[in-house]
Amino acid sequence: MKGSGNLRERKAGRAERIIRTAALCAACLLMTSCQGVHKEEEKTSIRIGVSLYRGDDTFINNIRSIIEEKAKEYERESGIKVTLDIQEAKGSQNTQNNQVDRFISLGCDVLCINPVDRMDTSLIIDKAMTAGVPVVFFNRQPVEEDMNRWDKLYYVGVDAKETAVLQGEMVVDLYRKQPEAVDLNGDGVVSYVMLEGETSHQDSLIRTEWSVQTLKDARVPIEKITGGIANWERSQASALMEQWLTEYPDTIELVISNNDDMALGAIDALERAQAEDVNVIGIDGTTPGLEALEDGRLLGTVSANKETYCSAILELAASCALEEELPEEYPLTDGTYFWTPQEILITKIKENP
Ligand code: BGC
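Note that this is a predicted model, so its numbers are computed, not measured. (Residues numbered from 1 in each chain as written. Predicted model: local features only at pLDDT ≥ 70, side-chain atom pairs only at ≥ 80, totals over all residues. Heavy atoms only, no water.)

1. Comments concerning the nonpolar core
Counting residues in hydrophobic clusters, the biggest one holds 63 residues, and the most contacted among them are Ile48, Phe138, Val156, Leu195, Met241, Val255 and Ile313. No other element matches the 10 residues that helix 12 (residues 306-321) contributes to this core. Those residues in contact with valine 156 that lie beyond four places of it in its chain are Val136, Phe137, Phe138, Asn139, Tyr309, Ala312, Ile313, Leu316, Phe338 and Thr340. Counting 20 residues, the second largest nonpolar core, distinct from the first, contains Met170, Val172, Ile281 and Val302. (Core = buried A, V, L, I, M, F, W, Y, C linked by side-chain atoms within 4.5 Å. Buried < 20%, exposed > 50% of the residue type's maximum accessible area, 1.4 Å probe, protein only. Helix = DSSP H or I, 4+ residues; strand = E, 2+ residues; numbered from the N terminus. Contact = heavy atoms within 4.5 Å.)

2. Let's talk about the sheet that holds strand 1 (residues 45-52)
Spatially, the 6 strands line up as an open sheet ordered 2-1-3-4-5-11, and their pairing is parallel. Strand pairing shows two members of the sheet lacking a second neighbour, strand 2 (81-88) and strand 11 (337-339), which therefore form its edges. Neighbour-to-neighbour, the strand axes of this sheet turn through a mean angle of 20 degrees, independent of strand direction. Examined bridge by bridge, strand 5 (residues 153-157) and strand 11 share 3 bridges and lie parallel to one another. Residue pairing in the sheet places tyrosine 155 in a bridge with tyrosine 337 of strand 11. (Pairing = 2+ DSSP bridges. Axes fitted to C-alpha atoms, helices over the stretch in contact; angles between N-to-C directions.)

3. Some words on the confidence of the model for the protein
For the protein, mean pLDDT is 90; residues scoring 70 or higher make up 87% of the total. Confidence drops under pLDDT 50 across residues 1-6; counting only partners more than four residues distant or on other chains, this segment forms 19 contacts. A low-confidence stretch, residues 17-39 stays under pLDDT 50, and its non-local contacts, those more than four residues away or across chains, total 10 contacts. (pLDDT = per-residue confidence, 0-100.)

4. Brief notes about the site of the ligand
Residues in contact with the ligand, as listed here, are Tyr53, Asp57, Phe59, Asn139, Arg140, His201, Asp203, Arg207, Trp232, Asn259 and Asp284. The separation between an oxygen atom of the ligand and a polar side-chain atom of aspartate 57 is 2.5 Å. Aspartate 284 places a side-chain nitrogen or oxygen 2.5 Å from an oxygen atom of the ligand. When the free accessible area of the ligand is taken as 310 Å², the share hidden by the protein chains comes to 98%. For the shell around the ligand, the two domains that each supply at least three residues are domain 1 (45-157 + 306-341) and domain 2 (161-303). (Near = heavy atom within 4 Å. Polar contact = N/O pair within 3.5 Å; in protein donor to acceptor, adjacent residues only side chain to side chain. Areas by Shrake-Rupley, 256 points an atom, 1.4 Å probe, with all protein chains shown as cover. Domains from an automatic or database assignment.)

Below, the structure is given as structure tokens:
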């Protein structure tokens, strides 16, 4: 499906179609009521079933609130009533599958799914295909084989390699401008630790690999002290960091984290150990992440444009629900994937004289 015009034009077009349809229906009723001719009515309301892999994930919570705002905005601008049914799967794929059953039985026109297990979306896809209900997946990318099963499956997310390269470039840039701000002890090597997200998440593997590769490609002298998996969680990252600070006292100069929440966990441990000089970088630009950036505790982050991210989810879903052409403001790679633009946000850069 291809896009057709911007949101306002499409909405104006829709209003015009509704008037035309009403006129046509009235004419049909007058002329052919006894011939049993039906013209399908334009929808004036849509129901969207949203399932989140967990409700206590900071990034996902940020996305949830913005999707809710976007739904209200859409409703105001289009005059189409949007019912959002948002459920949390609490980390259980089974629970999420049951939520999908319920959404379908409630007559949802489209589903927005943040899969618990991105490798195991085939059941959700089976159910959606059988019911003819399109699915917009987001944040946790199903495997390609599953995505290729039906042309009514979409994905909204960020390009994990691009995120990682931006995260690496943030340090490269700082190192080039102010090496002493990164190589804190001036020994010619930047000693770092790596905090990784869930092993099964596409973002963890790619972010870990490419942030470091970007530093290496730019010939920033780096040495890995250690690393570990903290599953995106602040408390797990804090515990790991505390352990590393004891094992490697006065050694760590940089913490590279796969997301902001784990970066904040590392900062918690650094503050407890009064080692706040250590630089910490994250990814996401979550609300608490941006606060830490603002007050200089977080050196930098890579932030996806969340307004665009959530508008893409909502607008794609609404177009599917209304069986309209897809919005061309959100161009899809291979007709399936929308990659949200991202930017580097950094603090602490002092202008070089
Ligand atoms: C985000 C994490 C989040 C995870 C959830 C990642 O893309 O960076 O903060 O916990 O998605 O799936």
